[in-house]
Amino acid sequence: MDSTGVPHILEHTVLCGSQKYPVRDPFFKMLNRSLSTFMNAFTASDYTLYPFSTQNPKDFQNLLSVYLDAAFFPCLRHLDFWQEGWRLEHENPRDPQTPLTFRGVVFNEMKGAFTDNERVFSQHLQNNILPDHTYAVVSGGDPLKIPDLSWEQLKQFHALHYHPSNARFFTYGNFPLEQHLKQIHDEALSKFQKIKPNTGVPPQQLWNKPRERHVTCGADSFATDPKKQTMVSVSYLLANVTDNFETFTLNLLSSLLVGGPNSPFYKALIEAGLGTDFSPDVGFNGSTREAYFSVGLQGIAEGNISTVKQIIARTIDEVIEDGFEEERIEALLHKIEIQIKHQSTSFGLALTSYIASCWNHEGDPVDLLKIAEKTTRFRECLKKDPRFLQKKVKQYFKDNPHQLTLSMSPDAAFCDKQAALEAAKLKEKVEALSEEQKKQTYEKGLELMDLQSKPQDTSCLPALKVSDIEPRIPFTELETSLTAEDVPVQYCAQPTNGMVYFRAVSSLNTLPEELRPYVPLFCGVITKMGCGALSYREQAQEIDLKTGGLSVSPRITADDSHLDVYEQAMLFSSLCLDRNLPDMMHIWTEIFNHPHFEDEEHFKVLVKMTAQELSNGIPDSGHLYASIRASRTLTPAGELQEMFDGMEQVKLMKRIAEMSDIKPVLRKLPRLKKYLLNSDNMRCSVNATPQQMPHAAKAVEKFTKDIARSKKERKPVRPHVVEKPLDPKATAGGALASAQITRKLITDPTFIPCQMKTHFLLPFPVNYISECVRTVPFTTPDHASLRILARLMTAKFLHVEIREKGGAYGGGAQLAHNGIFRFYSYRDPNSIATLGAFEKAAEWARRGNFTQQDIDEAKLAVFAAVDAPIAPSDKGMNQFLHGISDEMKQQHREHLFAVSRDHLMDAASKYLAAGRSTRGLAILGPENPDTAKDPTWIIR
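Described below are features of the structure shown in this document. (Residues numbered from 1 in each chain as written. Predicted model: local features only at pLDDT ≥ 70, side-chain atom pairs only at ≥ 80, totals over all residues. Heavy atoms only, no water.)

Moving on, we come to the pairing of strand β11 (residues 479-482). Relative to strand β12 (residues 488-493), β11 is paired through four bridges, and the arrangement is antiparallel. Note on β12: the bridge partner recorded for T480 is Q490. Hairpin connection of β11 to β12: five residues between the antiparallel strands, including D486 at a positive phi of 65°. (Pairing = 2+ DSSP bridges. Helix = DSSP H or I, 4+ residues; strand = E, 2+ residues; numbered from the N terminus.)

With that settled, consider helix α23 (residues 636-645). The set of residues buried in α23 consists of P636, A637, G638, L640, E642 and F644. Those residues of α23 that are buried are in contact with α19 (519-525), β14 (550-558), β15 (565-577), α22 (600-630) and α24 (647-658). (Buried < 20%, exposed > 50% of the residue type's maximum accessible area, 1.4 Å probe, protein only. Contact = heavy atoms within 4.5 Å.)

Within the fold, C531 resides in the loop between α19 and α20 (536-546). Taking relative accessible area as the criterion, C531 reaches 1% and is therefore assigned buried.

On to unusual backbone geometry. Phi is positive for N497, close to 65°, though the residue is something other than glycine. Along the chain, N497 turns up in the loop between β12 and β13 (499-507). For N497, a relative accessible area of 40% gives the class partly exposed. Phi at N681 is positive, roughly 45°, even though this residue is not glycine. Secondary-structure assignment places N681 in the loop between α26 (668-676) and β16 (682-688).

Turning our eyes to something else, we now look at the side chain of D116. Tracing the sequence through the fold places D116 in the loop between α5 (102-113) and α6 (117-129). Here the side chain of D116 touches E118 through a polar contact of 3.0 Å, landing on its backbone nitrogen. If we ignore the near neighbours within four places in the chain, the residues touching D116 are N616, P619 and D620. (Polar contact = N/O pair within 3.5 Å; in protein donor to acceptor, adjacent residues only side chain to side chain.)

This next bit is on the pattern of salt bridges. Evaluated as defined, the whole model comprises 56 salt bridges. Between D560 and K724 there is a salt bridge whose closest N-O contact spans 3.6 Å. Taken as a pair, D560 in the loop between β14 and β15 and K724 in strand β17 (residues 721-725) lie far apart in primary sequence, 164 residues in all. Look at the salt bridges and you will find they share partners, linking R33, K796, D854 and E857 into a network. (Salt bridge = Lys/Arg side-chain N within 4 Å of Asp/Glu carboxyl O.)

Right, let's talk about the nonpolar core for a bit. One finds F265, F378, F397, F502, W588, F603 and V686 to be the most contacted residues of the largest nonpolar core, which totals 131 residues. No other element matches the eleven residues that α22 contributes to this core. Residue contacts for F502: discarding those within four places in its chain leaves F572, S573, S574, M584, M585, W588, C684, S685, V686, V700 and F703. (Core = buried A, V, L, I, M, F, W, Y, C linked by side-chain atoms within 4.5 Å.)

Attention shifts here to the packing of helix α28 (residues 781-805) against helix α29 (residues 832-846). Put simply, α28 and α29 touch, their axes get as near as 10 Å, and they point 135° apart. Here α29 runs oblique to α28, going by the angle between their axes. Pair α28 / α29 crosses with right-handed handedness. Across from L789, L792, M793, K796, F797, L798, E801 and I802 in α28, the residues of α29 making contact are T834, A837, F838, K840, A841, A842, W844 and A845. In terms of residue class, the contact of α28 with α29 is built from twelve nonpolar, one polar and three charged. (Axes fitted to C-alpha atoms, helices over the stretch in contact; angles between N-to-C directions. Parallel < 35°, antiparallel > 145°, perpendicular 65-115°, else oblique. Left-handed = near helix turned anticlockwise from the far one by under 90°. Nonpolar A, V, L, I, M, F, W, Y, C, P; charged D, E, K, R; others polar.)

What follows concerns the environment of L672. Along the chain, L672 turns up in helix α26. Classification of L672 by relative accessible area gives buried; the value is 0%. For the pair formed by L672 and L508, sequence separation is 164 residues and the distance between their alpha carbons is 9.8 Å. Apart from residues lying up to four places away in sequence, L672 is in contact with L511, L515, Y518, V519 and F522.

This part is about the packing of aromatic side chains. Using the criterion set out here, one finds 31 aromatic pairs in the structure. Ring centres 6.4 Å apart and planes at 40° place the aromatic pair F38 and F42 in the tilted group. Using a relative accessible area of 36% as the deciding quantity, one classes F42 as partly exposed. Ring centres of Y50 and Y162 lie 6.3 Å apart, and the angle between their planes is 70°; this geometry places the pair in the edge-to-face category. With Y50 in the loop between β3 (48-49) and β4 (52-54) and Y162 in the loop between α7 (151-161) and α8 (177-187), this residue pair connects regions lying 112 residues apart in the sequence. Clustering of aromatic rings is evident, with ring pairs tying together Y50, F52, F60, Y67, Y162 and F175. (Phe/Tyr/Trp six-rings, centres within 6.5 Å; stacked < 30°, edge-to-face > 60°.)

Among the structural elements, H623 can be located in helix α22. Its relative accessible area of 14% is what places H623 among the buried residues. Excluding residues that lie within four positions of it along the chain, H623 makes contacts with Y768, S770, R822, Y824, S825 and Y826.

The next subject is the sheet that holds strand β20 (residues 767-774). On the basis of which strands lie adjacent, the open sheet formed by six strands has the order β21-β22-β20-β23-β19-β24 and mixed pairing. The open sheet has two free edges, formed respectively by β21 (810-815) and β24 (937-939), since each of these has just one partner strand. Ignoring which end each strand starts from, the neighbouring axes of this sheet average 15° apart. Alignment of β20 against strand β23 (residues 919-925), held across six bridges, turns out to be antiparallel.

What follows concerns the packing of α29 against helix α33 (residues 901-912). Packing of α29 against α33 leaves a shortest axis separation of 7 Å and a crossing angle of 140°. Considering the angle they form, α29 stands oblique to α33. Every residue of α33 that contacts α29 at A842, A845 and R846 is listed here: M905, A908, S909 and L912. Among the residues making up the contact of α29 with α33, the classes are represented as five nonpolar, one polar and one charged.

Moving on: the state of the cysteines. Under the counting rule described, the total for this entry stands at zero disulfides. Not part of a disulfide, C217 finds its nearest cysteine sulfur in C415, a span of 9.0 Å. Of the residues examined, C217 reaches a relative accessible area of 3% and is grouped as buried. This cysteine, C358, is not joined by any disulfide, and C381 carries the nearest cysteine sulfur, 19 Å off. When its relative accessible area of 4% is taken as the criterion, C358 is described as buried. (Disulfide = S-S within 2.5 Å.)

Any functional reading would require information beyond the geometric quantities listed.
Listed below in structure tokens is the structure:
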């Protein structure tokens, strides 16, 4: 009922020690004592979810035990530091030793979250459309209100909400259910008396007339037009989410209204040229007791707010009059059929999230999952009344007075005002302390620092052993053959549930250098501009009717045995129901042979949307941008990675979106097509059921025959090409003859790695930091040592230094497949102190300040990732995309098992100790006097 973030802080707190497991941080400790395939916790607006998954039955029992004990019997002794935690962090935030509690971590997490203007807008939207109860506050915590939470409030909230009478349990998978029920009963339910928690959310009082709200936010430094940074949306309160069929209908209706270029709101709003993209939270939102629908624009001029409102009202009238084309409804129902059949490794988790809101408000979760029944009923309603959907539009949009117009525009002083409010809050808290209390606060700080620095006895926690890990992996059977056009195809027969998955990889080797920066843009628009006889609208319709989507993306893949060798290519991916395979391949053929590049207006729309999406993504992915930048000068592929996926691409798209005349860029697309859309240097792959394979082989054969080959032999632009076989153990004979697939990789014998330090100045109150080190390729034994070392350093050193002591939301170390070892931190109040922690971590590892148990735990965590489940659609993809065969994976596995303490210390000395390897550094974040006065830093 307030914005102190009490449920969010409790989410962090209950994972930090319980009666049975009195360890400071069992949640993070279990990441290293388990083969979990997922472990996390999420706080929504009105529930907290604690999901985990594993493929090991013993592990499942262990994790269930830790989660149950944490939720219902938290050990709150370590919260003696509660009142002081936030203040301590602010007394001297630049000191790496400053102690901090859960509240401080949440504080920095939410400060980081609210640097994202889309997040700010969505939060205000929910607060204002449902203003009468819990949705009017910020369940995650408003950074300025978090310090007001008292210890008593926290305990009271836990006592009321964290009770089995207020809980729901969900399991999915093939372990016997009886065991789960018994464990939940024995370890939790049997220890409580049933209570009536009265935590239900009452219905929102309906308004008798629409309302308007205007709020402010920080400026976007990547906005394509500084004068157009306003967002506006109109939102409508819909039905109660426990009315399953009504919710199903409204969800479909929302997709029809805003989904894709054929939807009425896309045509009316996006193509009006007023803004850059839909407003945040567009479409249906079913995460609250009453669902709501929202539509509007971002990237508009403030003067256009009323114009957008008029367009929305006019569009609703037109939909009530004209309805929807039958084909669009069919395309949507086809999408549902694909979603039901497509198997992903997170299917159970997706179901949990899908039912959580409805079930939380006493709805029927079993009925909710009967999607096929609802589809049939929906068809019957349409048959009975052709105006069924139009009546819903009239009821919920035209005649609904409970609608909110929310607008948000930047205030140049916004960040300064927030900083001033924070400083004032700190001053108020400190001035309220007596001298005695200040002394106590200081002493508590020292005590906490001491506690955080002491090694913990984790023997009470359950753990798997390294001997529980399977020594060998099952091998996937692959077949390869050449089509009549000499295009190699990999076939992987899998139980795909009646789906066919197609991929093609096409080399970028012959592409002229000046066109390379435009490859990501080309990939983004090539399936959205129309092709053959189809306009872009007709093409979008055909893709929705016949496929589960087409995607094209640039790929830079490191070689498995040489750091300076890489493949540069484009990946084409799609999926469909097996009956639609010929249609899907025909769409690809038309895209390859006859793509459209004439529609300048539509191209402008796509460019603006892309630029906006990239800009909006920085607050969530800042650590990835920092890593790409930090590794830019460490390998020959680094420059290309920065060009395609880094801040260079964000800036390029901003420049293109700002152009008054976009024709010069549009004219590059046909030139790119000439080099990229042909069968030269192409390979394909198909995953389907065994019965489907002969049919699939014919469809791929036809595709490769029907697409163009280059008229003349093109030479690679970079002359140093390494031809490398994929070397599958192909099954000879049968319908598919064995053939060898080779990849043409690029190398640069003149390349010399060098160090580079970059600070991107961004108007954020937190930092994203990365330090990258050049190490060794995948097939070497040292790669395995460094992979385990990264996990060990994260769990045993960096987590404590960066999150527990430093207050960052996250931080750690990782080794990428390309041999780049990266340190990183995320939403971090410190910068130079964190870089110091990276250095200390290397020294800690070099000295071998860890036990055999620490090593075994790190191995468990690494094997949990290595043995993560692979969906039928993705089997064989390591071989196809990276050239990594099952034999190579097995060898890497044996390297991992063999890693010893000496190997780890040796790897830390050889690669991570100061001065041993070339490294790069990057920070995304606010101005910093340390980097400003240091001439070795490039400030951007």
